[in-house]
Amino acid sequence: MSARRTQVAIIGSGPAGLLLGHLLKAEGIDCIVLERQTREHVESRIRAGVLETVTTDLMHRLGLDERMNREAMVEDGFNLADGDMLVRIDIKALTGKTVVVYGQTELTRDLIAAAPQRELEIVFEAQDLALHDVDSDQPSVTYTKDGVVTTLACDLIAGCDGFHGPSRRAIPAHLVREYMHEYPFGWLGILADVPPCHDELIYANGPRGFALASMRSTTRSRYYIQVPLTERIEDWPEDRLWDELEGRFNGISQHGVTRGPALEMSIAPLRSYVFETMRHGRLFLAGDAAHIVPPTGAKGLNLAASDVHYLSDAIIGFYRRQDEQAMLGYQAKALSRIWKAERFSWSLTKLMHSFPDQGPFERRMQMAELDYLSRSPAMQTAIAENYVGLPV
Ligand code: RFL
Ligand code: PHB
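Rules behind the numbers
Residues numbered from 1 in each chain as written. Chains lettered and ligands numbered in written order. Predicted model: local features only at pLDDT ≥ 70, side-chain atom pairs only at ≥ 80, totals over all residues. Heavy atoms only, no water. Phe/Tyr/Trp six-rings, centres within 6.5 Å; stacked < 30°, edge-to-face > 60°. Helix = DSSP H or I, 4+ residues; strand = E, 2+ residues; numbered from the N terminus. Buried < 20%, exposed > 50% of the residue type's maximum accessible area, 1.4 Å probe, protein only. Lys NZ or Arg CZ within 6 Å of the ring centre and 35° of its normal. Near = heavy atom within 4 Å. Polar contact = N/O pair within 3.5 Å; in protein donor to acceptor, adjacent residues only side chain to side chain. Areas by Shrake-Rupley, 256 points an atom, 1.4 Å probe, with all protein chains shown as cover. Nonpolar A, V, L, I, M, F, W, Y, C, P; charged D, E, K, R; others polar. Pairing = 2+ DSSP bridges.

## Examining the packing of aromatic side chains
Thinking step 1. For the structure on display, the rule yields 14 aromatic pairs.
Thinking step 2. Ring centres of F284 and Y330 lie 6.1 Å apart, and the angle between their planes is 65 degrees; this geometry places the pair in the edge-to-face category. Placement of the pair is F284 in strand β20 (residues 283-285) and Y330 in helix α9 (residues 330-352), with a sequence separation of 46 residues. For the pair F284 and Y330, a shared accessibility class is recorded, and that class is buried.
Thinking step 3. These aromatic residues form a ring-pair network of at least three members: F78, W187, Y203, F210, Y224 and Y387.
Thinking step 4. Geometry around W236 places R240 over its ring, the cationic atom sitting 3.6 Å from the centre.
Thinking step 5. Positioned above the aromatic ring of W346, the side-chain terminus of K350 is 3.8 Å from the ring centre.

## Some words on the site of ligand 2
Thinking step 1. Taken together, 14 residues lie near ligand 2, and Y203, S214, R216, Y224 and P295 sit nearest.
Thinking step 2. G297 is positioned such that a nitrogen or oxygen atom in its backbone is 3.4 Å from an oxygen atom of ligand 2.
Thinking step 3. Here an oxygen atom of ligand 2 sits 3.2 Å away from a polar atom, N or O, in the main chain of A298.
Thinking step 4. Alone, ligand 2 offers 280 Å² of accessible surface; in the complex the protein occludes 97% of this.
Thinking step 5. Residue assignment for the shell around ligand 2 shows that the elements contributing at least two residues are β16 (211-217) and β17 (220-228).
Thinking step 6. The element that contributes the greatest number of residues to the shell around ligand 2 is β16, accounting for three residues.
Thinking step 7. Within the shell around ligand 2, the residues separate by chemical class into eight nonpolar, three polar and three charged.

## Comments concerning the pairing of β16
Thinking step 1. Along β16, six of the seven residues are buried, which leaves the element largely enclosed by surrounding structure.
Thinking step 2. Pairing geometry for strand β15 (residues 202-205) and β16, over three bridges, is antiparallel. Note on β16: the bridge partner recorded for A204 is A211.
Thinking step 3. Where β15 folds back onto β16 in an antiparallel hairpin, the turn is made up of five residues, including G209, whose phi is positive at roughly 95 degrees.
Thinking step 4. In terms of strand pairing, β16 meets β17 through six bridges, oriented antiparallel. Bridge pairing in β17 links A211 to I225.

Next up, the structure:
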C-alpha cells in the first residue's frame, strides 16, 4: 500500500489528459496522469489525422509545436464527392482559416516525450483504477501498479479516460442524461506508406457507400471505407480493399491510388453520444469520456482539445482565486460547442453514407444536396466554418 497526494488527478493519457496535464503544469499546478495501458500501446494507436486551430493553438501555447510546425501539412481545402462529381470546399478562402494534417499518434508522442522536462508525471500501466468520494472536497483515486496499491488523494479529478473508462460511471445514474445514436455501419481503415491519391482529403459517397482518402504526409496515406457492422477484418484481404479504393478514387483523384503493404488495418463502429453532466462535485469529464462523434468531419480529437481549453481555464481560476465559482461555467461552455460539433458530424455522416434502409428517394436527396452545395457559396461557407472548427 502507498499513499500520495497531488492537486489534480488526471485519468487517461489520450490527447485530453496529456494536454490538460501540460497546461496545468505550465501554471504551476501539481498533477499526475494515470494511464491503464503501456506507453508503447498509447503511442501506437492510429486514430485522428486532422487538427483544427483549437488543437494546434494549445500546442503553440505549450511551446511543444516544434515538430508539428515542421512536419504538419497545412490544408487550404477539402473535397466532397458523389460518383464522379467532386466539390472542393475552399476553407481558406471561405473562412480565412486552415486545418493541418498531423496524426494524433504524433501529437501524443510529442506530449509524452516532453513530459519529463516539464516534470509532468505519467504513470503507465496503472491497473484497477477506481474513483472515490468525488462529491466531497477530498476525492481520491486508487490504482495498482507492479502489485502495489496506491491511494492518490487530490483536490480535483479530471476524467479523460475515453469512452470505455471508469470516470463517467462514477456519476450516479439519476443525475445524468445520455443521448446516443448508433449508425448501422463502421469504418474500415488502412494506413500505408504510399503517396496520397489527392493533395487534399476527399470524402466520397456513391452507390457503394462512403470512402475517405486522407493522409499523414506526402508519403503516407490513410484511407477508410464504410463497411456493415457484421464485417470482420479477416473479410478484407489487402487486395480486396485496394481494389475497392481504386474503384472509388481513380476517376476523381489527381494522382490515382497507389497500393502498398498495410501498416495498420482496423474497423471502428460509428456513434454519436453525449453524456450530460460533465461535472459531478470534484469530478470533471473531458473528451471521449463525455462524448463521441462519428469520424466524418474529424471532430473527436478537436473536441477533446476544446474541452481541455475550457477545463484548464476553470481549474487555473479555481487555484488562483481559491474559488469554486471559477469552475461553474465549464460544462455549459463545453456542451455548447460539443452539440454543434455533434450536429455537424451527424449531418455530414447522413449526407455521405449509404444506409441499409435508404430508398431511391433518400439517395436522390443526398445527390440533390451535394449538387446544391456545389453551386451555393452560402452553403459551402456553412460547411467550411464547421470543418475548420467553431470558435472557442
Ligand atoms: P482517448 O484517446 O480514448 O484516451 C483515453 C485514455 O484513457 C485511458 N483509459 C484509462 N486509463 C486509466 N484507467 C482506466 N481504467 C482507463 N480506461 C481508459 C485509455 O487507455 C486512453 O489512453 O480519449 P481522449 O483523450 O478524449 O481523445 C479523444 C480522441 O482520441 C478521439 O476523439 C479521436 O481519435 C476521434 N477521431 C478523430 N478525431 C479528430 O478530431 N479528427 C479525426 O480525424 C479523427 N479520426 C477518430 C478518427 C477516431 C477513430 N477511432 C479509432 C475511434 C478516426 C478513427 C478511426
Ligand atoms: C484521418 O486521416 O484519419 C481522418 C481524416 C478525416 C476524418 C477522419 C479521419 O474525418
